[in-house]
Amino acid sequence: MSAEAEDDALDSWTPALRLLRLEPGLREFSALERLDLRDAGLVQLPLALAACVQLVQLDLGGNRALDSLDGIDRLPRLRILFASGCGLADLPPHGPLSRAQLSMLALKANGMTLLDGDALPATLVWFIAANNAIRAVRAPHRLQKVRKLMLSHNALTTEALEPLIDAASSLEMLRVACNKLETLPAAIGRHPKLAWLAIGGNPYAQRQLEARCARAQDSAASEAASEAEGAPLLLASSESPELAIGEEVLGRGSGATVVIGSLRGLPVAVKLWTAAHFSDGDARGEWEMGRLTGACTHVVRTLAVFQAPQLGMVLELLDGASAAGGPPSFDSVTRDALDTTAQALALADALRVAREVGSALAWLHSRGLMHGDIYLHNTLLCFEHPPPAGERRVSAVRLSDFGAAACYSKTDDGHALERVEVRSFGYLLDDLAILCRSTESASAPDVHIRNALAALAERCCTAESEQAPGFAQIVDELEAIGAVSLAL
């Protein structure tokens, strides 16, 4: 190939491919802020990477032979690094990665057996190390700034996890589903900030789930218990004559697809799992939780379930429903990203959302069930159509997405785990306040609702667990707020 032809071919390459080809010191790479080097066959970091002095986000995922991050500390502005599915099983303590100034790091599926804080940046606020084989933790104090910690599908025991939770004093979200926890770590109950927790699929939660399912089956068989009312149908398979599954896709998530369908002639949504495991837990656990929550009126109800030829559940279809908030971003880390224009709410509607989500949580925790992922982005709203007086008003509220849900022992751990969920509910109240329009000429009822919700949110989010209300009390207080606002 001539030099001219080679230059033309090079010009057609992506910046990532060109970077792999060229030598260091190239000025054209100095302005790059994001770079994707996934599945590039790397065995080491390209020398030319040092030229990317403005790089903020780098993806090295899928480079199976990449077993070293030498040179990563020479990227002064790098804050987000994806290195999942590489060969980084043995990160050296005090190595180049530990000197990087990262805020977010993903090391999913690297074959790691040790979580060594000395090998990691002390600046991390978001760390993903799911789908490894981690069974030991060293130097957990280095993770004291971490707010979001994703460790599902590892081999952590209660004894290994306990000191990590204590050391991670900024921790708000912890995902440790499908590990080897035989008991609930006591550190969970005394943590001052933990608000979102996934523990399903562990021996501890699995024992509780199996016992709860056995009781539910006994209730359904006898038809003597009120919980049997509204229990989902158990279909022989997805080919049952009662069920028709369409092709229109309503949504896709971690390891599952939701499509349109009909059950006994009524429109429904059908969730089909395509993977056994996902970041917050496992398909079987979510499927079982769907069976257990079918009688709760304030969640997206599970109408039927089946296991063949794949796990699936039939859900009520909410026409025109939309999430009340957006999922967290790199900047917000654990808090929902909110659109105060498109997702704006009237204060009366915000109170309704709070009351119905709170009622769902009271129902769950009274039965030893926790949701694990209480957010506005997991709260579906329907609106009146056409909107009265030009202002949209909420007509239905449903709590959705039980992927992080788990069963627990009310006797041993009820206070600790309800306390965690109350804190996340407090953040949801904060977010509802953000979405409510504020006007100088607010009515007396609106002023009362806003002030009362703010006071309740503060009590829910307190670090002093003994001062926080439980969900039964929260529902009573929300009802009282509504009654007072109507009287003003």
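Residues numbered from 1 in each chain as written. Predicted model: local features only at pLDDT ≥ 70, side-chain atom pairs only at ≥ 80, totals over all residues. Heavy atoms only, no water.

Moving on: the confidence of the model for the chain. With 91% of its residues at a pLDDT of 70 or more, the chain has an overall mean of 90. Taken as a whole, residues 1-12 scores under 50 in pLDDT and shows 6 contacts with residues more than four places along the chain or in a different chain. Below a pLDDT of 50 lies the segment residues 223-228, which in the model reaches 8 contacts outside its immediate sequence neighbourhood of four places, other chains included. (pLDDT = per-residue confidence, 0-100. Contact = heavy atoms within 4.5 Å.)

Our focus in this paragraph is the nonpolar core. If you look at the biggest cluster of nonpolar residues, it comprises 62 residues, and the most contacted ones within it are Leu-58, Ile-72, Leu-97, Leu-107, Leu-120 and Leu-197. Going through the elements one at a time, α4 (158-167), α5 (186-190), α6 (203-222) and α9 (410-435) are the ones with two or more residues in this core. Looking at this core, the element that brings in the most residues is α4, giving 4 residues. When residues no more than four places from it in sequence are discounted, the contact partners of Leu-197 are Leu-174, Arg-175, Val-176, Ile-188, Met-370, Gly-372, Ala-404, Leu-417 and Val-420. By size, the runner-up hydrophobic cluster in this structure holds 47 residues, among which are Trp-363, Ile-374, Leu-399 and Leu-453. (Core = buried A, V, L, I, M, F, W, Y, C linked by side-chain atoms within 4.5 Å. Buried < 20%, exposed > 50% of the residue type's maximum accessible area, 1.4 Å probe, protein only. Helix = DSSP H or I, 4+ residues; strand = E, 2+ residues; numbered from the N terminus.)

What follows is about the pairing of strand β22 (residues 394-399). Consecutive residues of a regular strand have side chains that alternate between opposite faces of the sheet. Where burial is concerned, most of β22 is hidden: 5 out of the 6 residues are buried. In the sheet, strand β21 (residues 379-383) pairs with β22 via 5 bridges, with the strands oriented antiparallel. Considered in β22, the bridge of Leu-380 is made with Arg-398. (Pairing = 2+ DSSP bridges.)

Before going further, it helps to spend a moment on the side chain of Glu-288. Considering the arrangement of structural elements, one finds Glu-288 in helix α7 (residues 283-292). Take Glu-288: its relative accessible area is 13%, and that puts it in the buried class. In contact with Glu-288, not counting residues within four places along its chain, are Leu-209 and Cys-213.

Sheet architecture is open: 3 strands sit in the order β19-β21-β22, paired in antiparallel fashion. In this open sheet, the two strands that pair with only one neighbour each are β19 (322-323) and β22. Packing of helix α8 (residues 347-365) onto the sheet brings it into contact with β21 and β22, and relative to β22 it is tilted by some 30 degrees. (Axes fitted to C-alpha atoms, helices over the stretch in contact; angles between N-to-C directions.)

Moving on, we come to unusual backbone geometry. Going from Ala-308 to Pro-309, the amide bond is cis rather than trans, its omega being 0 degrees. Tracing the backbone through its elements, the reader meets Pro-309 in the loop between β17 (302-306) and β18 (312-316). Phi is positive for His-153, which is not a glycine, with a value near 60 degrees. Mapped onto the elements, His-153 comes out in the loop between β8 (148-150) and α4. Notably, Cys-178 is not glycine yet its phi reads approximately 55 degrees, a positive angle. Inspection of the secondary structure assignment puts Cys-178 in the loop between β9 (173-175) and α5.

Moving on, we come to the environment of Leu-143. Secondary-structure assignment places Leu-143 in the loop between β7 (136-138) and β8. Measuring from C-alpha to C-alpha, the distance between Leu-143 and Gly-117 comes to 6.5 Å, with 26 residues separating the pair along the chain. Excluding residues within four positions of it along the chain, Leu-143 makes contact with Leu-115, Leu-120, Leu-164 and Ala-168.

A word on the pairing of strand β12 (residues 243-253). Bridging between β12 and strand β13 (residues 256-263) involves 7 bridges; their strand directions are antiparallel. Looking at the pairing, Gly-251 lines up with Val-258 of β13.

Let us now look at the side chain of Asp-431. Within the element layout of this structure, Asp-431 appears in helix α9. Every residue in contact with Asp-431, bar those within four places of it in the chain, is listed here: Arg-335, Asp-336, Leu-338 and Leu-376.

Side-chain pairs of opposite charge can arise where the charged atoms are in close proximity. Counted by the stated rule, this structure contains 18 salt bridges. Here Arg-38 makes a salt bridge to Asp-36, at a shortest N to O gap of 2.5 Å. The residue Arg-264 makes a salt bridge to Glu-242 at a minimum N-O spacing of 2.7 Å. A residue pair is termed long-range when its members are at least 10 positions apart, and Arg-264 in the loop between β13 and β14 (266-273) and Glu-242 in the loop between β11 (233-234) and β12 qualify at 22 residues. Given a relative accessible area of 29%, Glu-242 falls into the partly exposed group. (Salt bridge = Lys/Arg side-chain N within 4 Å of Asp/Glu carboxyl O.)

Turning our attention to α9. The largest bend along α9 measures about 25 degrees and falls at Ala-416. Summarising burial for α9: 19 of the 26 residues are buried, a large majority. (Bend = angle between axes of the 7 residues up to and from the residue.)

What follows deals with the sheet that holds strand β6 (residues 126-128). Within the open sheet, the 8 strands sit side by side as β1-β2-β3-β4-β6-β8-β9-β10. Their pairing is parallel. One side of each edge strand has no neighbouring strand; the edge strands of this open sheet are β1 (34-36) and β10 (196-198). Pairwise comparison of adjacent strand axes, ignoring direction, gives a mean angle of 0 degrees for this sheet. Here 3 bridges tie strand β2 (residues 57-59) to strand β3 (residues 80-82), and the two strands are oriented parallel to one another. When the bridges of β3 are listed, Asp-59 appears paired with Phe-82.

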